[in-house]
Amino acid sequence: MYELRNIFGGDCTRDMDISNAGSTWVGLVAGIVIGAVITWWVYNRQKKISEKQDEFLTHIADLEERNKTMLNKILSLEEKIEDMLKKIK
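Residues numbered from 1 in each chain as written. Predicted model: local features only at pLDDT ≥ 70, side-chain atom pairs only at ≥ 80, totals over all residues. Heavy atoms only, no water.

**Some thoughts on the overall build of the protein**
- Scanning the protein from terminus to terminus reveals two helices and zero strands.
- Counting all 89 residues of the protein, 3% fall into the buried class.
- Total accessible area on the protein stands at roughly 8,500 Å², and carbon and sulfur atoms take up 62% of it. (Helix = DSSP H or I, 4+ residues; strand = E, 2+ residues; numbered from the N terminus. Buried < 20%, exposed > 50% of the residue type's maximum accessible area, 1.4 Å probe, protein only. Areas by Shrake-Rupley, 256 points an atom, 1.4 Å probe, with all protein chains shown as cover.)

**Overview of a nonpolar patch on the surface**
- Among the surface-exposed residues, I34, I38, W40, W41 and V42 lie close enough to one another that they form a single nonpolar patch of about 550 Å² accessible area.
- When you line up the elements, W40 lands in helix α2 (residues 19-88).
- W40 gets classed as exposed once you look at its relative accessible area, which sits at 53%. (Patch = residues over 30% accessible without salt bridge, like charges linked within 9 Å, V, L, I, M, F, W, Y side chains within 5 Å. Salt bridge = Lys/Arg side-chain N within 4 Å of Asp/Glu carboxyl O.)

**Considering a negative patch on the surface**
- Together, E78, E79, E82 and D83 make up a negatively charged patch on the protein surface.
- Structurally, D83 is set in helix α2. (Lys, Arg positive; Asp, Glu negative; His and termini not counted. Charge placed at Lys NZ, Arg CZ, Asp CG, Glu CD.)

Structure, rendered in structure tokens:
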């Protein structure tokens, strides 16, 4: 009990009640536990959101690649039609 004086300060004798010191420790432990739970929750949510964003960006990249392919096919078809129209004239 006498080492609590070094931690919390003040005079600690055999006649004193150290309930303040005990409640301080309970408060510290409760704060650490609550902080750890909140930190884990925020980390977990950010991780899930990041994974969803990565999936979404991959899907967008796939769609852009498909659009390029389709546009190239349309362009080549347009060039063939123009060539055919030139031959007819």
